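Take a look at the letters that make up each chain.
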Amino acid sequence: YPCTDRSTIKVRVVVHGQGLNTFWKKMLRVMTVAGQQMNVNFFVRMNNRESVADMIENVQDAVAEEADAIIVTLPSPLVSDAVKAAAQAVPLFSFNTGDQMAKSVGSIGHFGMNETGAGYGCGQPFQTKFSAAGLSFSVCLVVYTEMDNDAMTARMAGFEAACSERGATS
């Protein structure tokens, strides 16, 4: 059987992150290479600022461009109506953030982690590391870098819970 010609497949990726962010720059490179290796047209939309309104517009644009599939991040319920509408029109997958929203917005599959569990898993080793160094800690500093990202809030809640179990406040 001959391989399927995938050169006309259009996959649109819409993320909440900034194009200037180091993490998203790496993700863009990975998606570009994957698209080249699979001979699929990946187009990644990233903004110069984090904006739910811009993300919603980018999701709507991906549908209007008649993408064959859309891959999105789900940072907040504020994007759910646009993503649900897109999932009605185009096969839609989610990744990175939004594991708890994925099914409700129509994502066929989600590649990511349980956000609270991830934060908890990060917080657990603190006491062990500090104790091994002969130190103790009583305060965990939590820095929110993405204010509209509910997943970040869940991660920090998990981190705070792990620290709290070990006697620290946040």
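Look above for the structure.
Procedures and definitions
- Residues numbered from 1 in each chain as written.
- Predicted model: local features only at pLDDT ≥ 70, side-chain atom pairs only at ≥ 80, totals over all residues.
- Heavy atoms only, no water.
- Salt bridge = Lys/Arg side-chain N within 4 Å of Asp/Glu carboxyl O.
- Helix = DSSP H or I, 4+ residues; strand = E, 2+ residues; numbered from the N terminus.
- Buried < 20%, exposed > 50% of the residue type's maximum accessible area, 1.4 Å probe, protein only.
- Contact = heavy atoms within 4.5 Å.

Visitor: So what's going on with the pattern of salt bridges? Residues and values would help.
Guide: What the rule picks out here adds up to three salt bridges. Residue Arg12 pairs with Glu65 through a salt bridge whose shortest N-O separation is 3.2 Å. With a gap of 53 residues between them, Arg12 in strand 1 (residues 10-18) and Glu65 in the loop between helix 2 (52-64) and strand 3 (69-72) connect regions that are remote in the sequence. You can call Arg12 buried: its relative accessible area is 9%. A salt bridge links Arg155 to Glu115; its shortest N-O distance comes to 2.6 Å. On the criterion of sequence distance, the pair formed by Arg155 in helix 5 (residues 150-165) and Glu115 in helix 4 (residues 115-132) is long-range, its members being 40 residues apart. Here the residues in one salt-bridge network are Arg12, Arg45 and Glu65, joined through shared partners.

Visitor: How would you explain the environment of Ile108 if you had to name every residue and give the values?
Guide: By secondary structure assignment, the location of Ile108 is in the loop between strand 4 (92-96) and strand 5 (110-112). Remark: the alpha-carbon pair of Ile108 and Gln124, spanning 16 residues in sequence, is separated by 32 Å. Contacts of Ile108, omitting those with residues within four sequence positions, involve Pro91, Leu92 and Phe93.

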